[in-house]
Structures are given as C-alpha cells and as structure tokens.
Amino acid sequence: VTESRSDLEDLHLYATPREQRFRRFASLEFEGQLYMTPYDFIQAVTNDEPKCAKKWRSLSKQELNQILMETPPVWKGSSKLFRNLNEKGVISYTEYLFLLCILTKPHAGFRIAFNMFDTDGNEMVDKKEFLVLQEIFRKKNEKRERKGDEEKRAMLRLQLYGYHTSTNSVLKTEGEDLVPRSYWDTLRRSTSQALFSDLAERADDTTSSLSDTTLLVHFFGKKGKAELNFEDFYRFMDNLQTEVLEIEFLSYSNGMNTISEEDFAHILLRYTNVENTSSYLENMRCRIPEEKGITFDEFRSFFQFLNNLEDFTIAMQMYNFASRSIGQDEFKRAVYVATGVKLSPHLVNTVFKIFDVDRDDQLSYKEFIGIMKDRLNRGFRVRILIFVITLIDFTTYLLCDLKHQYVA
C-alpha cells in the first residue's frame, strides 16, 4: 500500500512540524497506522531529509509477527541496538516522541522519567504502566491539532495513533452522552492515587486494540508479561544517546579517532535557526589556524552538558544579571557546578572560537544559549521535554488540592 505525493502533502497541511517529520521518514504501514523502522528513526534524528522519497510499505500480520519475534530482550541491549535492528523493527509515533525526549534528557533525569511510568511505586514498570505514554501524547496532541477539514484530521489521527475518533471526551456512564473532560481535570481528580493511575485505566480502552511494537517487546517480552527495572531502563536511555552521538561523530570522522573543529562546528550549528553559518565557520577558521581535532569523549561530554542546558542557563543568567560576560574559566566552572560535566580546555576554547562572534574572548547569553536551545531540540521550537513539563504541572495541581483540603 502506497500513498501518492499529492495526498501526502495534503495531509501535511493538518500536521504539526513534528508530525510532518515523522510522516516524511516513516516507511511502514500496518492496518492504517504508520511506523518507523529503527533505521528510519536514526535517519530522522541525524539527517535533514530522507535519503530518498518515502513510500509506505504495507506490513502483513505475519511480517509484523516475524519482526517482533526477532526483537532482542532488554538485557541484550547495546549502543548498537538500532543499527543492528536496521529495518527489522516498528516504532509508533508516540514512541518516536518518547525516544526524542530521551535524546535531550540529562542522566539525572532518567530516574524522574522512570518514576513517572512507575505508577504503583514498586520500582518496576509493567507494560500497562508504559502504555500510559500513548494516552499522554494523545492528550497533548489534542491541544496542538491544527484546525481544518475534520475528515483529513481524522485520517491523520489514524495514521499516527491508530484510532478513528477524537479522544477529546470520555464516557460519563454507559449509554449517556459524551462529556468533555480535559487532560488536566483527569489528573486532578485522583490526587490520592499514584501518578497517572487514572490515565492508566483510560489507556486500557485506547491501547487494547493496538499492535505490539519493537520497543514494547524489547522492554516487556514477546508475551508482554515481563517488567522493566530502573537499571535496564537507564541502560537503554544511555545506549540510545550514545548510539546517536556515535553515528553523528562517525559520519564526519572517516574512521579516524577525531573530527575536525570545523566539523564539530557544523554539527553544533545543524538544526539551529542560525541563518549565516558561514560567518561562524569563518570566524573559527581564523582563530584556530592549526587543527587539533575533537575526540569522541570530548564530543560526548559536550552533548551530555547540552542535555543539562537548563541548569547551566541559570548559572549563565547570574552573570547576565550582573552585566558580566563569561570567560573560558568561568564557563568551565559554571558547566561543572551546574551539570557535573568536565569539559576539556581545548573543547571549551573551540566553543568560544565558534560562538564568540565579537571576538572579545567572552561569551554572552545571547551568543550561546539561544542557539544551543535550538540545537538541543533538533530544530523544533516546541519543547520535547514533555515529561518534565507534565510532572511540574501535575505537582502544581497536587499541591493546590492538598492546600485546599488543609484549609477546608
């Protein structure tokens, strides 16, 4: 089953930028729903466009079962998992958003992410708890859907989520009319229960008919009965971050142990809104005439730091409030204090040579933070750290309810 380019572009008009990207890179379709392969996902986070125009290939039930049968268990995961699976895997749109979230999450945030799935607090996550993810992203999507032709938007929901009707309402009781209820009202209703337990109940209805995916089988086994502990969850997240960084690094290193400072600059400036990247590159060439190279350890440490950018931003703002720019020593110290990551002197010097556009050997908030926020989100202005936002908002509601109960 394939879809013509005109139909594809037509539905693109009703999709958000992230939905558009998923549809451009996805290559599989099963029962009307689109899926990425692991190869598609890697391409989507390391390339601006697919290497060739995609035509969605329809999977049979037998083909899907064979793919899932060959999925390794979580304890066999590695930093080459997606490369090893290649085309033998299926990733849904909600899982694509989850994986994007992982790529921008600091290691310290892994525990928060795990605890948000672990609704019963038993230090293990089962398949039902994990499927709450799908309900969260569906609810989030309701607020972002572009208005327009209802039939087209229904087709888009089917492609991305595997359902036909709008989820912007819930059944009050059997036989009664649909009663609107917002996502946040659902959360507030059960403050005495574990986090997202109400959504877990709702997820049973919306996910029972959905097909298993590579990620579900990897985490919870072919029968879906296994449970995921924090150590395996942490290892999966760390491996995925490492794998994507290795792919980006290797695409420039040509088998060498280092990439050039100019290549490092190219990678940093990708997915940003910098219009004239040539000026940054020329600035760096003039100020680093002799190439020393950036090792993978340096490369990885910098992106670990970027995943802690919000904490570092606070430190930078303190200098900003004091009307001070920041030198290389202060930069290194602020990075270590805020994130615990130690950057090498050469790496810091390279960063300064790239972003210090006025050549005063100081780095301002505007020169660095704004550009790196774009890079962190890989070109999407909308934040993808959705779990952190959800946790903060839920906690706010919880505290408000507790305060109200106390006063009463």
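This one's a predicted model, so the numbers in the text were calculated from it and none came from an experiment.

Time to look at the overall build of the protein chain. Secondary structure summary: the protein chain contains 21 helices and nine strands in total. Counting the 408 residues in the protein chain, one finds 53% classified as buried. A sequence separation of at least 24 residues applies to 74% of the contacts in the protein chain between residues at least 6 apart.

Between helix α15 (residues 277-287) and helix α19 (residues 345-355), the shortest axis-to-axis distance is 7 Å and the interhelical angle comes to 130°. Viewed along their axes, α15 and α19 adopt a mutual orientation that is oblique. Once α15 is placed against α19, the crossing between them reads as right-handed. Here Tyr280, Asn283, Met284 and Arg287 of α15 come into contact with α19, specifically with Phe352, Lys353, Ile354 and Phe355.

Interhelical geometry of helix α2 (residues 17-25) versus helix α9 (residues 150-161) gives an angle of 65° and a closest axis separation of 11 Å. Judged by the twist between their axes, the crossing of α2 over α9 is left-handed. Of the residues in α9, those in contact with Glu19, Phe22 and Arg23 of α2 are Leu156, Gln159, Leu160 and Tyr161. Of the residues belonging to the contact of α2 with α9, the class tally is four nonpolar, one polar and two charged.

Structurally, glutamate 261 can be placed in helix α14 (residues 261-269). One buried charged residue, glutamate 261, forms no salt bridge at all, with the nearest opposite charge on lysine 292 at 7.5 Å. Once residues lying within four places of it in the same chain are set aside, the contact partners of glutamate 261 are Met284, Ile288, Glu291, Lys292, Gly293, Ile294, His346 and Thr350.

Here three strands make up an open sheet; going across it, the order is β2-β1-β3 and the pairing mixed. One side of each edge strand has no neighbouring strand; the edge strands of this open sheet are β2 (33-35) and β3 (57-58). With three bridges connecting them, strand β1 (residues 28-30) and β2 associate as antiparallel partners. Bridge pairing links glutamate 29 to leucine 34 in β2.

Along the chain, serine 301 turns up in helix α16 (residues 296-306). Placed 41 residues apart in sequence, serine 301 and lysine 342 show a C-alpha to C-alpha distance of 7.4 Å. In this structure serine 301 touches Val341, Lys342, Leu343 and Leu347, once residues within four positions along its chain are discounted.

Moving on to the confidence of the model for the protein chain. Considering every residue of the protein chain, the mean pLDDT works out to 77; 71% of them sit at 70 or more. Segment residues 164-199: pLDDT under 50, and 65 contacts once partners within four positions in sequence are set aside and those in other chains are kept. Contacts for the low-pLDDT stretch residues 379-408, under 50 throughout, to residues beyond four places or in other chains number 53 contacts.

With that settled, consider the environment of tyrosine 14. Relative to the elements of secondary structure, tyrosine 14 occurs in the loop between α1 (5-12) and α2. Tyrosine 14 gets classed as buried once you look at its relative accessible area, which sits at 16%. Between the C-alpha atoms of tyrosine 14 and methionine 155, which are 141 residues apart in sequence, the distance is 10.0 Å.

The rules we used
- Residues numbered from 1 in each chain as written.
- Predicted model: local features only at pLDDT ≥ 70, side-chain atom pairs only at ≥ 80, totals over all residues.
- Heavy atoms only, no water.
- Helix = DSSP H or I, 4+ residues; strand = E, 2+ residues; numbered from the N terminus.
- Buried < 20%, exposed > 50% of the residue type's maximum accessible area, 1.4 Å probe, protein only.
- Contact = heavy atoms within 4.5 Å.
- Axes fitted to C-alpha atoms, helices over the stretch in contact; angles between N-to-C directions.
- Parallel < 35°, antiparallel > 145°, perpendicular 65-115°, else oblique.
- Left-handed = near helix turned anticlockwise from the far one by under 90°.
- Nonpolar A, V, L, I, M, F, W, Y, C, P; charged D, E, K, R; others polar.
- Lys, Arg positive; Asp, Glu negative; His and termini not counted.
- Salt bridge = Lys/Arg side-chain N within 4 Å of Asp/Glu carboxyl O.
- Pairing = 2+ DSSP bridges.
- pLDDT = per-residue confidence, 0-100.

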